[in-house]
Amino acid sequence: MIKPGKPVKDISIKKGDTIDSIFDQMSKSGGFESKNLVDGLNILTSMIEDKSCLKFMSFVGAVVSTGLRGVITDMVKNKMCDVIITTCGALDHDIARHYSNYLEGSFTMDDGELMEKEIHRLGNVLVPMKSYGPLIEEKMQCFLQKAYKDGKKEMSTHDVTKMIGENLGEDSFLYWANKNKIPVIVPGIMDGAVGSQIWMFSQSHNDFRLNVASDGDLLSGLIFKAKKSGALMIGGGISKHHTLWWNQYRDGLDYAVYITTAQEFDGSLSGALVREAISWGKVTKNAKQTTIHAEATTILPFIYSALLAKLK
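This section reports on the structure supplied with the text.

Quick look at the overall build of the protein
So, point 1. Summing up its helical and strand segments, the protein has 13 helices and eleven strands in all.
So, point 2. Here the C-alpha coordinates of the protein stretch approximately 70 × 50 × 40 Å along the principal axes.
So, point 3. Considering the protein as a whole, with its 312 residues, one finds that 48% of them fall into the buried category.
So, point 4. Counting contacts in the protein only where the partners sit at least 6 residues apart, residues at least 24 apart contribute 74% of the total.

Some thoughts on the packing of helix α6 (residues 133-149) against helix α7 (residues 157-167)
Each pair of packed helices can be described by the angle between their axes along with the distance between the axes.
So, point 1. Between α6 and α7, whose axes approach to 10 Å, the crossing angle comes to 105 degrees. In terms of their interaxial angle, α6 and α7 are classed as roughly perpendicular. Across the interface between the two elements, M140, F143, L144, K146 and A147 of α6 pack against M163, I164 and N167 of α7.

Section: the pairing of strand β4 (residues 119-122)
So, point 1. One ladder, built from four bridges, connects β4 with strand β5 (residues 125-128); its direction is antiparallel. What sits directly across from L122, in β5, is V125.
So, point 2. Taking the residues that link successive antiparallel strands as the turn, the β4-β5 hairpin has two residues, and the phi of G123 there is positive, at about 65 degrees.

What to know about the pattern of salt bridges
So, point 1. In this structure the tally under the stated criterion is twelve salt bridges.
So, point 2. The closest approach of N and O atoms between E166 and K162, which form a salt bridge, is 2.7 Å. Of this pair, E166 and K162 are both found in helix α7, four residues apart, which corresponds to roughly one turn of the helix.
So, point 3. The exposure class assigned to E166 is partly exposed, which follows from its relative accessible area of 41%.

Notes on the packing of α6 against helix α9 (residues 193-204)
So, point 1. Closest axis-to-axis distance for the α6/α9 pair is 9 Å, and the angle between their directions is 50 degrees. As judged from the angle between their axes, α6 and α9 are oblique. In the crossing of α6 with α9, the sense of the turn from one axis to the other is right-handed. Between α6 and α9, the residues in contact are I136, E137, M140, Q141, L144, Q145 and Y148 and A193, V194, Q197, I198, M200 and F201, respectively.
So, point 2. Grouping the constituent residues of the contact of α6 with α9 by class yields nine nonpolar, three polar and one charged.

Regarding the sheet that holds β5
So, point 1. Spatially, the three strands line up as an open sheet ordered β3-β5-β4, and their pairing is antiparallel. Either end of the sheet is taken by a strand with one partner, and the two such strands are β3 (103-104) and β4.

A few points about the side chain of T291
So, point 1. Along the chain, T291 falls in strand β11 (residues 283-293).
So, point 2. Reaching out from T291, the side chain makes a polar contact with the backbone nitrogen of V274 at a distance of 3.0 Å.
So, point 3. Setting aside residues up to four positions removed in sequence, T291 forms contacts with E33, N36, Y258, T260, L273 and V274.

So, the nonpolar core
So, point 1. Counting 70 residues, the largest nonpolar core has F59, M140, I164, V194 and L300 as its most contacted members.
So, point 2. With 19 residues, the next largest nonpolar core counts I85, M233, W246 and A256 among its residues.

Some thoughts on the environment of I2
So, point 1. Inspection of the secondary structure assignment puts I2 in the segment before α1 (19-26).
So, point 2. The exposure class assigned to I2 is exposed, which follows from its relative accessible area of 77%.

Re unusual backbone geometry
So, point 1. Of the consecutive residues G31 and F32, the connecting peptide bond is found in the cis state with omega at -15 degrees.
So, point 2. The backbone of D251 sits at a positive phi, close to 75 degrees, despite the residue not being glycine.
So, point 3. Secondary-structure assignment places D251 in the loop between α11 (237-247) and β10 (253-260).

Calculation criteria
- Residues numbered from 1 in each chain as written.
- Predicted model: local features only at pLDDT ≥ 70, side-chain atom pairs only at ≥ 80, totals over all residues.
- Heavy atoms only, no water.
- Helix = DSSP H or I, 4+ residues; strand = E, 2+ residues; numbered from the N terminus.
- Buried < 20%, exposed > 50% of the residue type's maximum accessible area, 1.4 Å probe, protein only.
- Contact = heavy atoms within 4.5 Å.
- Axes fitted to C-alpha atoms, helices over the stretch in contact; angles between N-to-C directions.
- Parallel < 35°, antiparallel > 145°, perpendicular 65-115°, else oblique.
- Pairing = 2+ DSSP bridges.
- Salt bridge = Lys/Arg side-chain N within 4 Å of Asp/Glu carboxyl O.
- Left-handed = near helix turned anticlockwise from the far one by under 90°.
- Nonpolar A, V, L, I, M, F, W, Y, C, P; charged D, E, K, R; others polar.
- Polar contact = N/O pair within 3.5 Å; in protein donor to acceptor, adjacent residues only side chain to side chain.
- Core = buried A, V, L, I, M, F, W, Y, C linked by side-chain atoms within 4.5 Å.

Here it is in structure tokens:
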């Protein structure tokens, strides 16, 4: 039998209202994505406060090219996750932005003209060529050579990300992941500048190996011991899927919050709502879960601010 909920209440914001009070009003506003946003905040609060929960954070690399890198870095610094799963682009941008600057642009700029000026465009972010490929090549070859001389002739992706974090500074999410002993796993590491540099290094060091199966050893060791697990998934693709995939081995996530702009009608993984993962055993039937339909750079800063207000 269908039972209607409580009356919808108007949001009334006054000068000096805290973000916590605004989220509370949004929880009573009835719709549309504001309700999912508040649900997401409450789920993340419960997940982070649950000491028995193994906490994942996954995100697509593109967001690290934006100022959202600072929010992600702060979340890692404040130990809001135990494991990170991301894409090679996140490593590329973390290195590039530590040593150089990206620039503001627009979605409507002339890409032919940008190419002539040796500037890449990532949406409305401009990436000077000198800040990307050549810089990452120089730094990665240096990092790898140093590790090789120290006797590291076989590395997993979490070894690679730890190595990079050891060489960056406090503005970097990889730095804080390394400092806080949070493994960063990159299942598609060959799809980016860092991965290409690993391949190039192996061409001149025949005894050097990248062992991605070792990442599975690390994940299985964590997953099979976890009493509960949860995830904040920022964007879709391989980082989201890898998070869900490994959690099916413990009967699924107990907490799940997914932020996406993708649509589910084309059957893509990125468009799949969290509830679809229940049918695959990747999210438990009774999980606290929601999908927030929003662009991450507009939403995550407010979620993070509200988390800081709510967490004890």
